[in-house]
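One-letter residues, chain by chain:
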Amino acid sequence: MNNETLKRTLRRLSYEIIEKHKILEDVILMGIKNKGVIIASIIANMIQEIEGKSVEKVDIDISEYRDDQKTIEHKNINKETIHIDI
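Residues numbered from 1 in each chain as written. Predicted model: local features only at pLDDT ≥ 70, side-chain atom pairs only at ≥ 80, totals over all residues. Heavy atoms only, no water.

Visitor: Honestly, the packing of helix α1 (residues 3-20) against helix α2 (residues 35-51) in this entry has me stumped. Any pointers?
Guide: Two numbers describe a pair of packed helices, the interaxial angle and the distance between the axes. Relative orientation of the contacting elements α1 and α2 amounts to 60 degrees, with a least axis distance of 9 Å. By crossing handedness, the relation of α1 to α2 is classed as right-handed. Contact residues: α1 offers K7, L10, R11, L13, S14, Y15, I17 and I18, while α2 offers I39, I42, I43, M46, I47, E49, I50 and E51. (Axes fitted to C-alpha atoms, helices over the stretch in contact; angles between N-to-C directions. Helix = DSSP H or I, 4+ residues; strand = E, 2+ residues; numbered from the N terminus. Left-handed = near helix turned anticlockwise from the far one by under 90°. Contact = heavy atoms within 4.5 Å.)

Visitor: I tried to follow unusual backbone geometry on my own but got confused; where do I start?
Guide: Cis geometry marks the peptide bond from K33 to N34, where omega comes out at 15 degrees. Tracing the backbone through its elements, the reader meets N34 in the loop between β1 (28-32) and α2.

Visitor: Just checking my understanding: could you explain the pairing of β1 for this structure?
Guide: Looking down a regular strand, the side chains alternate between one sheet face and the other. Side chains L29 and G31 project from β1 onto a buried face, and the interleaved I28, M30 and I32 project onto a face without burial. As judged from the five bridges shared by β1 and strand β2 (residues 56-60), these two strands associate in the parallel manner. Following the sheet pairing, I28 is matched in β2 by E56. Crossover connection from β1 via α2 to parallel β2: handedness right-handed. (Buried < 20%, exposed > 50% of the residue type's maximum accessible area, 1.4 Å probe, protein only. Pairing = 2+ DSSP bridges. Right-handed = clockwise from strand over helix to strand, strands pointing away.)

Visitor: Any chance you could explain the pattern of salt bridges here in plain terms?
Guide: Pairs can form between side chains of opposite charge whenever their charged atoms are close. Summed over all chains, the structure comprises five salt bridges. The partner of R12 in a salt bridge is E19, with the nearest N and O atoms 3.3 Å apart. A relative accessible area of 40% places R12 in the partly exposed class. Residues joined by salt bridges that share partners form a network here, namely R12, E16 and E19. (Salt bridge = Lys/Arg side-chain N within 4 Å of Asp/Glu carboxyl O.)

Below is the structure:
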């Protein structure tokens, strides 16, 4: 996927979120660390540009649950990053 295709895809996804959720205050974008956080931020920025309204964005760390890494430091996952009731 090239840069322009990715931008178009994320813009379309942003429009779909807006179309399906008329009340953007109820929308929470959750990005899985690391690259999912970037994508969630891009979508949040696009929604802000399109609608002039911000949406909540939360980072999620799933490193403790990954099965492709042998050594995993156990820690309180998401204790500091999720500050909302889901």
